Structures are given as structure tokens and as C-alpha cells.
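What follows is the residue order along each chain.
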Amino acid sequence: MGVKGNAILGLITLAAFIGCGLMAQAQESQVDYDGFVDLSAEISDYRSSRLVDLDTFNEMKTDSDTIILDTRSAEAYRLGHIDGAAHLNFSDFTDDKLAQLIPSKDTRILIYCNNNFTDNVAPVPVKRIELALNVPTFINLYGYGYENIYELDGAYPLAEPAIHWVGEVSPL
């Protein structure tokens, strides 16, 4: 084999090594179930200490360094939400999107979900209790470094005046 043949063979070999390296990288999982389970267990007691009743929730939301975060679908948010809530769909959580909405990790974040309401109608159909969106929202916010999180405790009718529900679907 001549110089030209050796050069071609060398390029093919190099390309194969690069290709194998890229395939190996592509096969590495970007999902860490055990890490999620560990994080969930780590913050279990912390989350329990951050459940607040409606009166406390409403008192906290008056602070200018507080955000009410609605992580339900955009359609559910459009149909109705707690007055003053900002929206970021849970499936859109990334470091960048969270930082755009909540620039300081010290900001107090109030969260709620469908299961905080007793109506069981759009836009708040009740989810299975063990799958309520509050739980993964809390865990994910904490995992992204936001630790000043409080979660609405209990379930209320949308027509409850203290809920301050606004949107296309009116509880009244």
C-alpha cells in the first residue's frame, strides 16, 4: 500500500475512532432516577415544613420579593389562575428559563396546583393525589437551587374569595 493508501486508511481509522467516541457520548444517560429519589428523600421534611395555609399564602404574596409560580399548562393558566401568578410550564424548567423568571435564588416562591382546589373541573381537574404537580415542582425548584419555596396546603373551592381567582373561567 502506498502513501496515498496509508493516508486514506489513516483517515478512515481516525473517523471511526471519532465516530465511536460520539456514539459512546450519545449513549450516556442524561436521566438520574436514583439522584431524583435521593433528592426527594433529602427534602421530604423540609417540604413538609414549607406547607402554608391560605391566609399565610396570601400574606406572603404581598411581599415584593415573592413570586407566585403557576406551573400548570399554558392552557390551564389562560383559563384561570391565582391573581398575580407568573406562569412557567413545569415541562419548560431549565436553568435559563427559571433564571429569567426568578433571577434571585433568594426570591420567595409560592406554588399551587390543581389539587389545591375542590372543584375538579377545567382548568383545575384533580390529579391523582400522589401525582399532584406541587410535589415535582417543589423538588425541581429545590434541585435547581431555589430553596425559599412555600406550597399552598389544603384544598379550596375556586369561588372562595380569598383565592383571588382570575381568568377566562370565572368561579362566580
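Scroll up to find the structure.
Residues numbered from 1 in each chain as written. Predicted model: local features only at pLDDT ≥ 70, side-chain atom pairs only at ≥ 80, totals over all residues. Heavy atoms only, no water.

Q: I'd love a proper account of the packing of aromatic side chains, names of residues and values included.
A: Summed over all chains, the structure comprises six aromatic pairs. For the ring pair F117 and W165, a centre distance of 5.1 Å and an interplane angle of 70 degrees mean the geometry is edge-to-face. With F117 in the loop between β5 (108-112) and α7 (134-143) and W165 in strand β7 (residues 165-166), this pair connects stretches of sequence that are 48 residues apart. Since its relative accessible area comes to 9%, W165 is described here as buried. Through a chain of ring-to-ring contacts, the aromatic side chains of Y46, F138 and Y142 assemble into a single cluster. The residue whose ring lies beneath K105 is Y146, and the NZ or CZ to ring-centre distance is 4.9 Å. (Phe/Tyr/Trp six-rings, centres within 6.5 Å; stacked < 30°, edge-to-face > 60°. Helix = DSSP H or I, 4+ residues; strand = E, 2+ residues; numbered from the N terminus. Buried < 20%, exposed > 50% of the residue type's maximum accessible area, 1.4 Å probe, protein only. Lys NZ or Arg CZ within 6 Å of the ring centre and 35° of its normal.)

Q: An account of the pattern of salt bridges is needed here, citing residue identities and associated values.
A: Under the counting rule described, the total for this entry stands at four salt bridges. Among the ionic pairs, E151 bridges to R47, the shortest N-O distance being 2.8 Å. Pair noted here: E151 is in strand β6 (residues 149-152) and R47 is in helix α3 (residues 44-48), with a separation of 104 residues, a long-range link. Since its relative accessible area comes to 4%, E151 is described here as buried. E75 is the salt-bridge partner of R78, the closest N and O atoms lying 2.6 Å from each other. With R78 and E75 both in helix α5 (residues 74-79) and three residues apart, this pair spans about one turn of that helix. (Salt bridge = Lys/Arg side-chain N within 4 Å of Asp/Glu carboxyl O.)

Q: Give a detailed account of the environment of T94, specifying residues and quantitative values.
A: Along the chain, T94 turns up in the loop between β4 (86-87) and α6 (95-101). Measuring from C-alpha to C-alpha, the distance between T94 and N140 comes to 9.7 Å, with 46 residues separating the pair along the chain. In this structure the side chain of T94 is engaged in a polar contact, spanning 3.1 Å, whose partner is the backbone nitrogen of K97. (Polar contact = N/O pair within 3.5 Å; in protein donor to acceptor, adjacent residues only side chain to side chain.)

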